[in-house]
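So the chains spell out like this:
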Amino acid sequence: LGLAVVAAPAADAADKPTLGLRYATLTPDNQHVVFAYRGDIWIAPVDGKARARRLTIHEAQDTIPRVSPDGKTIAFISRRGVGYDVYTIGIDGGMPKRVTFHSAGEVLCDWSPDGKRLLVLTARHPSFSGLDIYEVDLAGGTPRRITRDGGREGSYDPTGTKVVYVRGFTPIYRDNYTGSANFDIYTVDAPGALPKQLTQTDGNERWPVFSKDGKTIWFVAEEKGVANFYAMSAEGGKRTQVTKFKQ
């Protein structure tokens, strides 16, 4: 997940598509796509009728943008300090505001539905898993640790009270892996509780998100080396394959 085909940032629509666009995310009205390209954050209309606009210009790498639920703010991570920290910027650009200050660095995951909090992946505390999911309050304060089992790729439910994530330890680039280090899907209450395991397959499930009504979890699963979209109840149970890619 994270590639988009949009109008080239520095070329007319008639020119060949630009390669290397990463971490695409739609605005809530589905009219624009925000993405990372060559170390900066860009925005472009999905209809391709206008050129993409660069929102950040900095010698450090800006990447992994996420648009707020109200469509007014973009969160992203940048290596402007010692490591990657979280920043926000207006949807039309402007001066970025730094949100986190820590040498461990963060990977941005998701916005809370009320737009007041962010989920990040970081290694602020020593653990066997190295990384875990934390919740960052945009108003300030110490980030709160949500997982303690090596959680990855966290996403809020529509109420902001539950988080879905994956846990596993096999490298992402290891195709067709089956075994005890595979990634399975879990949910946990955001205020803190024991996690609930939803999948128990031999292969990898990744990048889970809740549906708008919170009743379904969508995710990517790999079977025989091929990744497809799947869906299942937010309470767990049988997986339903949505796409039928063969390679």
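The rules behind each value
Residues numbered from 1 in each chain as written. Predicted model: local features only at pLDDT ≥ 70, side-chain atom pairs only at ≥ 80, totals over all residues. Heavy atoms only, no water. Pairing = 2+ DSSP bridges. Helix = DSSP H or I, 4+ residues; strand = E, 2+ residues; numbered from the N terminus. 1 Å grid on protein atoms, 1.4 Å probe; cavity = no way out; pocket = protein on both sides within 12 Å on 5 of 7 lines; lining within 4 Å. Points joined across faces, edges and corners; volume = space filled by probe spheres on them. Salt bridge = Lys/Arg side-chain N within 4 Å of Asp/Glu carboxyl O. Buried < 20%, exposed > 50% of the residue type's maximum accessible area, 1.4 Å probe, protein only.

Notes on the sheet that holds strand β13 (residues 151–156)
So, point 1. Reading across from one edge, β13-β14-β15-β16 is the order of the four strands in this open sheet, with antiparallel pairing throughout. Here the strands that pair on one side only, and so sit at the sheet edges, are β13 and β16 (196–197).

Things to note about the layout of surface pockets
So, point 1. Quantified by volume, the second largest pocket comes out at close to 190 Å³.
So, point 2. If you trace the second largest pocket, you find 13 residues lining it, with I172, R206, W207, E222 and A227 closest to the centre.
So, point 3. Contributing elements (two or more residues each) for the lining of the second largest pocket: β17 (205–210), β18 (216–223) and β19 (226–233).
So, point 4. With three residues, β18 is the single largest residue contributor to the lining of the second largest pocket.

Brief notes about the pattern of salt bridges
So, point 1. Considering all chains together, one arrives at 13 salt bridges under this definition.
So, point 2. In this structure, the salt-bridge partner of E153 is R206, at a minimum N-O distance of 2.3 Å. In this pair, E153 sits in strand β13 while R206 sits in strand β17, placing the two residues 53 residues apart along the sequence. Across this residue pair, the class does not change: E153 and R206 are buried.
So, point 3. Between R239 and E223 there is a salt bridge; the shortest N-O distance is 2.6 Å. A residue pair is termed long-range when its members are at least 10 positions apart, and R239 in the loop between β19 and β20 (240–241) and E223 in strand β18 qualify at 16 residues.
So, point 4. Here the salt bridges share partners, and the residues they tie into one network are D114, R117, E135 and R144.

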